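In case you want the letters, here they are:
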Amino acid sequence: MGCRTRVASNVNGLDGSFNRGNVACVTLNLVQLAYQAEHDIDKFFELLQENMDDAKKLLLHRFYLLCKQGVFDDVYKKGYYLGAEKKDAYAMLKNGTLSIGFIGLWDAVSVLINEGIYSIDMMRKNFQLAYSIIQRMRDYTDQATKTECLNISLLASAAEGVTGNFAQYDSMHLGREFDVCKKGFYTNSFHVPVDLSVNYKDKIDMEGRFHHLCNGGSITYIELNEMPGINVEAVKEIVEYAYENDCNYIGINFPMDNCKTCGFIGRISDKCPCCKSVDISRLRRVSGYLSEEKSFTSGKHKELKQRKSHLYFNEWGDNRDD
Ligand SMILES: [Zn+2]
């Protein structure tokens, strides 16, 4: 689970995130289900149902195992979790969430319709199909919350490493060469494909419509080509636009390079512009937390190369979009 995890409603006690957390999560590979369905949308929904059943079973297995074998003496003593005063693992953990996440919504749609998603217009044309997939998952988790009396939520997406891992697994095991596998990564959750050129408003308009379905948490990020510098107004515009268009949580990404020799911070191509050093730390964020580019997995490297910016700044921090 990542920073986007949301803990809100509670069928077993007080709502809100105070002294509560996500107990367990799993991630469904929507792209693999789309391959298995072989362009048959009804078949895809059957497979989705089966996989949601399996995901729920797995979550319940983990939850009850933790209730039985977990050691929480310190949590009980310090009252870190809602219900800790009862000194009973089930009475306490039932206040947490169990989340089903998903990866590659638009890659899955692309496989189902047997066409690449090359433009925002194609996304608009296929929006109903994409939305119905997420709606179906949310209906399932709502129903499961009632039948299990546990907070089962829908998370977009649950785990960060799966963007590369799932694509790699599928390209090795499906036995066919698929375009989306060849990219080396799947696009996270309901995000606009990372290699699509769209401006930040179109990205927010599209993604904002999915946030309310993902009660276990979701994020929309906006990629800037440069550090925004002192251009506070441009950043404010992005935040306000996302707020007005139903994004529960947003991130703004931009590349930041740091010369380890003289401390210069900015965009550095090969050598530091001040001291000519090549000892450069390059901080980036791709489906997860800020990290040095050199420590990325191969899936994240491939994704980073294909990512397009949604708002362009020049080196002085002026934006030249609209
Ligand atoms: Zn330097």
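Above this note sits the structure.
For every chain, the first residue of the written sequence is number 1, and numbering continues from 1 along that sequence. The predicted nature of this model means local features are confined to residues of pLDDT at least 70 and side-chain atom pairs, given and counted, to a pLDDT of 80 or more, with totals for whole chains, interfaces and linings taken over all residues. Think of the side-chain values as coming from all heavy atoms in the structure, minus any hydrogens and water.

(A) Structural view of the coordination of the zinc ion. Coordinating donors are taken as N, O and S atoms within 2.8 Å of the metal, stretched to 3.2 Å for Na, K and Ca; because water is absent from the atoms, sites can appear incomplete. On the protein side, the zinc ion has Cys259 (SG), Cys262 (SG), Cys272 (SG) and Cys275 (SG) as donor atoms, found 2.3 Å from it. Site shape is set this way: if four donors have all angles between 85 and 135 degrees, tetrahedral; if opposite donors are over 155 degrees apart and all others between 65 and 115, square planar for four donors and octahedral for six; otherwise irregular. Coordination at the zinc ion is tetrahedral: its four donor atoms span angles of 103 to 113° at the metal. Considered as a linear motif, the donors of the zinc ion on their single chain read C-x2-C-x9-C-x2-C. Relative accessibility thresholds used throughout: buried, under 20% of the residue-type maximum; exposed, over 50%; partly exposed, between the two (1.4 Å probe, protein chains only). On the basis of relative accessible area, Cys272 is assigned to the buried category, the value being 0%. Exposure remark for Cys275: the relative accessible area of 31% places this residue in the partly exposed category.

(B) Quick look at the sheet that holds strand 10 (residues 291–292). With respect to topology, four strands assemble into an open sheet ordered 8-7-9-10, the strand pairing being antiparallel. In this open sheet, the two edge strands, each paired with only one partner strand, are strand 8 (265–266) and strand 10. Two strands are counted as paired when DSSP detects at least two bridges linking them. Counting from the N terminus, the helices are the DSSP runs of H or I reaching at least four residues and the strands are the DSSP runs of E reaching at least two.

(C) Structural view of the nonpolar core. Residues belong to a common nonpolar core when they are buried Ala, Val, Leu, Ile, Met, Phe, Trp, Tyr or Cys residues joined through side-chain atoms within 4.5 Å. Ranked by size, the top nonpolar core spans 64 residues in total, and within it Phe44, Leu48, Phe102, Leu105, Ile133, Ile134 and Phe210 carry the most contacts. Contact criterion: two residues are considered in contact whenever any of their non-hydrogen atoms come within 4.5 Å of each other. If we ignore the near neighbours within four places in the chain, the residues touching Leu48 are Leu28, Leu30, Leu33, Ile133, Arg136 and Met137. Counting 11 residues, the second-largest nonpolar core is a separate cluster that includes Tyr200, Ile238, Tyr241 and Phe313.

(D) How the structure looks around the packing of aromatic side chains. Stacked, tilted and edge-to-face are the three classes assigned to paired rings of Phe, Tyr and Trp, where Trp is represented by its six-membered ring and a pair needs centres within 6.5 Å; plane angles under 30 degrees give stacked, over 60 edge-to-face, the rest tilted. The final tally for this structure, using the stated rule, is 10 aromatic pairs. Judged by centre distance (6.1 Å) and plane angle (75°), the rings of Phe63 and Tyr90 are edge-to-face. Remark: Tyr90 occurs in helix 4 (residues 89–93) and Phe63 occurs in helix 2 (residues 41–69); sequence separation between them is 27 residues. When its relative accessible area of 1% is taken as the criterion, Phe63 is described as buried. Residue classification places Tyr90 among the partly exposed positions, given a relative accessible area of 33%.

(E) How the structure looks around a negative patch on the surface. Residues Glu38, Asp40, Asp42, Glu46, Glu50 and Asp54 make up a contiguous surface patch of negative charge. For Asp40, the position within the fold is in the loop between helix 1 (30–37) and helix 2. Look at Asp40 and you get partly exposed, because its relative accessible area is 37%. The residues that make up patches have over 30% relative accessible area and no salt bridge, and they are joined within 9 Å when like-charged or within 5 Å when they are Val, Leu, Ile, Met, Phe, Trp or Tyr. A 1.4 Å probe and the Shrake-Rupley method give the accessible areas. Residues count as covered only by the protein chains that appear here. Salt bridges are counted wherever a side-chain nitrogen of Lys or Arg sits within 4 Å of a carboxyl oxygen of Asp or Glu. Charge assignment: positive for Lys and Arg, negative for Asp and Glu; neither His nor the chain ends contribute. A single reference atom marks each charge: NZ on Lys, CZ on Arg, CG on Asp, CD on Glu.

(F) The arrangement of helix 1 in detail. Counting buried positions over the eight residues of helix 1 gives seven, a clear majority of the element. Within helix 1, the full set of buried residues consists of Leu30, Val31, Gln32, Leu33, Ala34, Tyr35 and Ala37. Capping the start of helix 1 is the job of one residue whose side-chain oxygen sits 3.2 Å from the backbone nitrogen of Val31: Asn29. Directly after helix 1, the chain includes Glu38, whose backbone phi takes a positive value near 50°. By the criterion applied in these results, polar contacts are pairs of N or O atoms within 3.5 Å in which, for protein atoms, one can donate a hydrogen and the other can accept it, and in which residues neighboring in sequence qualify only through two side-chain atoms.

(G) Region of interest: the sheet that holds strand 2 (residues 97–103). The parallel open sheet is built from four strands, whose spatial order is 1-2-3-4. Among the strands making up the open sheet, the edge pair consists of strand 1 (22–29) and strand 4 (217–218). Direction of pairing for strand 1 relative to strand 2: parallel, over a ladder of seven bridges. The residue bridging Ala24 from the neighbouring strand is Leu98, located in strand 2. Note on definitions: angles span 0 to 180 degrees between N-to-C directions of axes, and those axes are lines fitted to C-alpha atoms, for helices only across the stretch in contact. Contacts from helix 7 (residues 127–148) reach strand 1, strand 2 and strand 3 (151–156) within the one sheet, and its direction differs from that of strand 3 by about 160°.

(H) A look at the state of the cysteines. In this description, a disulfide is simply a cysteine sulfur pair whose atoms lie within 2.5 Å. One pass over the full model with this rule turns up zero disulfides. Of all cysteine sulfurs, the one in Cys214 lies closest to Cys247, which takes part in no disulfide; the gap is 11 Å. Since its relative accessible area comes to 10%, Cys247 is described here as buried.

(I) Quick look at the pairing of strand 9 (residues 280–284). Bridging between strand 7 (residues 256–259) and strand 9 involves four bridges; their strand directions are antiparallel. Residue pairing in the sheet places Met256 in a bridge with Leu283 of strand 9. With two bridges connecting them, strand 9 and strand 10 associate as antiparallel partners. The partner of Arg284 across the bridge, within strand 10, is Ser291.

(J) Focus on the side chain of His191. Tracing the chain through its elements places His191 in the loop between helix 9 (179–182) and helix 10 (200–211). Polar side-chain contacts of His191 include one of 2.6 Å to the backbone oxygen of Ile219. Each residue touching His191, except ones within four places of it in the same chain, is listed here: Trp106, Glu207, Ile219, Thr220 and Tyr221.

(K) Quick look at the pairing of strand 3. Burial of strand 3 is extensive: six of the six residues sit out of reach of the surface. Burial along strand 3 is two-sided: the residues Asn151, Ser153 and Leu155 and Ile152, Leu154 and Ala156 are all buried. Direction of pairing for strand 2 relative to strand 3: parallel, over a ladder of five bridges. Within strand 3, the residue paired with Ser99 across the bridge is Ser153.

(L) Broad picture of unusual backbone geometry. Here the residue pair Ala156 and Ser157 is connected by a cis peptide bond, since its omega of -20° sits within 30 degrees of zero. Looking at the element boundaries, Ser157 is found in the loop between strand 3 and helix 8 (162–173). Although it is not a glycine, Asn19 sits at a positive phi angle of roughly 55°. Along the chain, the position of Asn19 falls in the segment before strand 1.

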